[in-house]
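Survey of secondary and tertiary structure
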Amino acid sequence: MRTAHRVETVRAAETRLMDRLPDGALMARAATGLATAAAELLRRVYGSRVCLLVGSGDNGGDTLHAGAALARRGAGVSAVLLSPGRAHAGGLAALRAAGGLVLEAPEAAGESEVPGEVTRRVREADLVLDGIVGIGGKGGLRPVAARLARTAYEGRPAILAVDLPSGIDADSGEVNGDAVRADATVTFGTYKPGLLIDPGREHVGALRLVPIGIEPGAPDLEALQYADVAALLPVPGVESDKYRRGVVGIAAGSTRYPGAPVLAVTGALRGGAGAVRYAGSAADAVTARHPETLVSSGLPSEAGRVQAWVVGPGLGDGDEARAALDDVLATDVPLLMDADALSLAGPDRIRARTAPTLLTPHAGEAARLLGADRADVEARRLDAVRALADRLGATVLLKGSTTLIADPGGTSPVRVNATGTSWLATAGAGDVLSGLAGSLLATGLPPREAASAAAHLHGLAARRAAGGGRGGAPITAYDVAEAIPGAWRDVREG
Ligand SMILES: NC(=O)C1=CN([C@@H]2O[C@H](COP(=O)(O)OP(=O)(O)OC[C@H]3O[C@@H](n4cnc5c(N)ncnc54)[C@H](OP(=O)(O)O)[C@@H]3O)[C@@H](O)[C@H]2O)[C@@H](O)CC1
Ligand SMILES: Nc1ncnc2c1ncn2[C@@H]1O[C@H](COP(=O)(O)OP(=O)(O)O)[C@@H](O)[C@H]1O
Ligand SMILES: [K+]
């Protein structure tokens, strides 16, 4: 499990530890880890050119100390102080003692006064360390810092962010204004939520944790790793039969959208349930693709027993859709609500449910349920997913470039899934996810676990289908569904 903690929690843990350690010990640990990561990025430290962007706080202190360590190993290190009078004194002394050069580009003097020497040092460095601001930062980059960051992208240096890319919000991943875009980030003690949630996450690059000994306790955010997901995935026992494995029902589709239920069924068939029932008007399309599906065209409750229902993909908003929705809302089996079902049901009827309920909105659907703007939801995903789970009294999986999963009540950490790829932004991918998650619900997993396992597998499947790494190729939602068994095997085999 990868865990992340909010700034408040990190600071409290830091205070507890500092009471037991000599002054500067934590910064020394952070700086050592940072210098090691910088050296790996540089490959050859001796003779390399390193430029430090240094703000007024301890983030600048870490950076100056790491710069001193690199200078002692033969790098040519220059530090650009953005608040010359307030730069970390110990770090500055260490850098000077190691032969580093100190330059100034005061924020107060403004963008037009940045000395040419500073611009040149940034542009021509092999590596720039972003020590402008860390967990003490508020808002986006100020103008001089923003300009130097731009100079770095336009030049040749690799950019290594210290603790977090300056300008992103550590707790939420919000980016208000300019923020550093790093090739790599070294974070100290624990991950910060903003490093794992978009839009902040897009600025992070390769992420590395340097342990410094803090014990921050229960996390605010967690990301499941292979072993965590493997422990959740149901495996049939020798005595299993299709009913004991769980039956999932899909209430989806309409004459206008006959394809969505096919995709949901495709995901469900690969999600661990022993059988998939389909209820709706697209039975012919479903059986044409999946003859193994148990289909019916009447109301869901007349289709036979299931252990979980999925309602919504391609349902439309006609009378049949309303009837199917009313029918499944009245059942007491776990229910996954997606797409049209979310807007048709509305907040009050979702809140009224007492059986386990999982909602899988994308940002637009979440915005409608919250009465907010889509852009606001995308900018503040963590707040949005928590608010939605609390207001609707249901588990919420918020889709998008970062998938977040929250239970109501705020007592358990929000889960984040980052196994996906932007190739997953393709029509119908959400329908596959709803079938997959519904299938896992039917096997007996609680909504939070079913949602986490489904999001993880779905993202991995997309990567397998698209071809991993930095490349990849366009994929269809069907390709994603077909790649689920491979992703499942990868997870179980570690
Ligand atoms: N906690 C730990 O366990 C450990 C923490 N460690 C390190 O300490 C870091 C936190 O240090 P910190 O608290 O001194 O805050 P930090 O982020 O350097 O900057 C705050 C200053 O920046 C300023 N400022 C604010 N917003 C700004 C902006 N947008 N643009 C520009 N400037 C802005 C603001 O001053 P202002 O100019 O607003 O008066 C404020 O004074 C942490 O990230 C990690 O690197 C490690 O050493 C080891 C253990
Ligand atoms: N940029 C992205 N990176 C990773 N995953 C993404 C991205 N954009 C969308 N996704 C994922 O793709 C799926 C799209 O679902 P959805 O928006 O419901 O599409 P549809 O309604 O067409 O099925 C979701 O699982 C979502 O998390
Ligand atoms: K930083």
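First things first, this report covers the structure right here in the doc. What you see is a predicted model; the values in this text were computed from it and never measured.

1. Topic: the nonpolar core
Core analysis: the biggest nonpolar cluster contains 96 residues, and Leu52, Leu129, Leu221, Trp309, Val311, Leu325 and Met337 have the highest contact counts within it. Here the element with the most residues in this core is helix H2 (residues 25-42); it accounts for eight residues. Of the residues that make up this core, three or more belong to each of domain 1 (2-222) and domain 2 (226-493). Setting aside its immediate chain neighbours within four residues, Leu221 contacts Arg2, Thr3, Ala4, Pro193, Leu196, Ile197, Leu382, Leu404, Pro413, Val414 and Val416. By size, the runner-up hydrophobic cluster in this structure holds 54 residues, among which are Leu224, Ala273, Ala453 and Ile475.

2. Describing the coordination of the potassium ion (ligand 3)
Bound to the potassium ion (ligand 3) are the protein donor atoms Asn59 (OD1), Asp130 (O), Val133 (O), Val162 (O), Leu164 (O) and Ser166 (OG), situated 2.7 to 3.0 Å from the metal. Given six donor atoms and angles of 65 to 169° at the metal, the environment of the potassium ion (ligand 3) is assigned as irregular. If you list the donors of the potassium ion (ligand 3) from N- to C-terminus, the spacing comes out as N-x70-D-x2-V-x28-V-x1-L-x1-S. Separated by 34 residues along the polypeptide, Asp130 in strand S5 (residues 127-131) and Leu164 in the loop between strand S6 (158-162) and strand S7 (184-188) bring together distant segments of the chain. With respect to burial, Asp130 and Leu164 carry one shared label: buried.

3. Topic: the sheet that holds strand S18 (residues 414-417)
With mixed pairing, 11 strands are arranged side by side in an open sheet as S1-S9-S18-S17-S16-S15-S14-S13-S10-S11-S12. Each edge of the open sheet carries a strand with a single partner, namely strand S1 (2-4) and strand S12 (294-296). With strand direction ignored, the average angle separating the axes of adjacent strands in the sheet is 20°. Bridge analysis of S1 against strand S9 (residues 221-223) gives three bridges, and the strand direction is antiparallel. Looking across to S9, one finds that Arg2 is bridged to Ala223.

Rules and cut-offs
- Residues numbered from 1 in each chain as written.
- Chains lettered and ligands numbered in written order.
- Predicted model: local features only at pLDDT ≥ 70, side-chain atom pairs only at ≥ 80, totals over all residues.
- Heavy atoms only, no water.
- Core = buried A, V, L, I, M, F, W, Y, C linked by side-chain atoms within 4.5 Å.
- Buried < 20%, exposed > 50% of the residue type's maximum accessible area, 1.4 Å probe, protein only.
- Helix = DSSP H or I, 4+ residues; strand = E, 2+ residues; numbered from the N terminus.
- Domains from an automatic or database assignment.
- Contact = heavy atoms within 4.5 Å.
- Donors = N, O, S within 2.8 Å, 3.2 Å for Na, K, Ca; no water.
- Tetrahedral: all angles 85-135°; square planar, octahedral: opposite > 155°, others 65-115°.
- Pairing = 2+ DSSP bridges.
- Axes fitted to C-alpha atoms, helices over the stretch in contact; angles between N-to-C directions.

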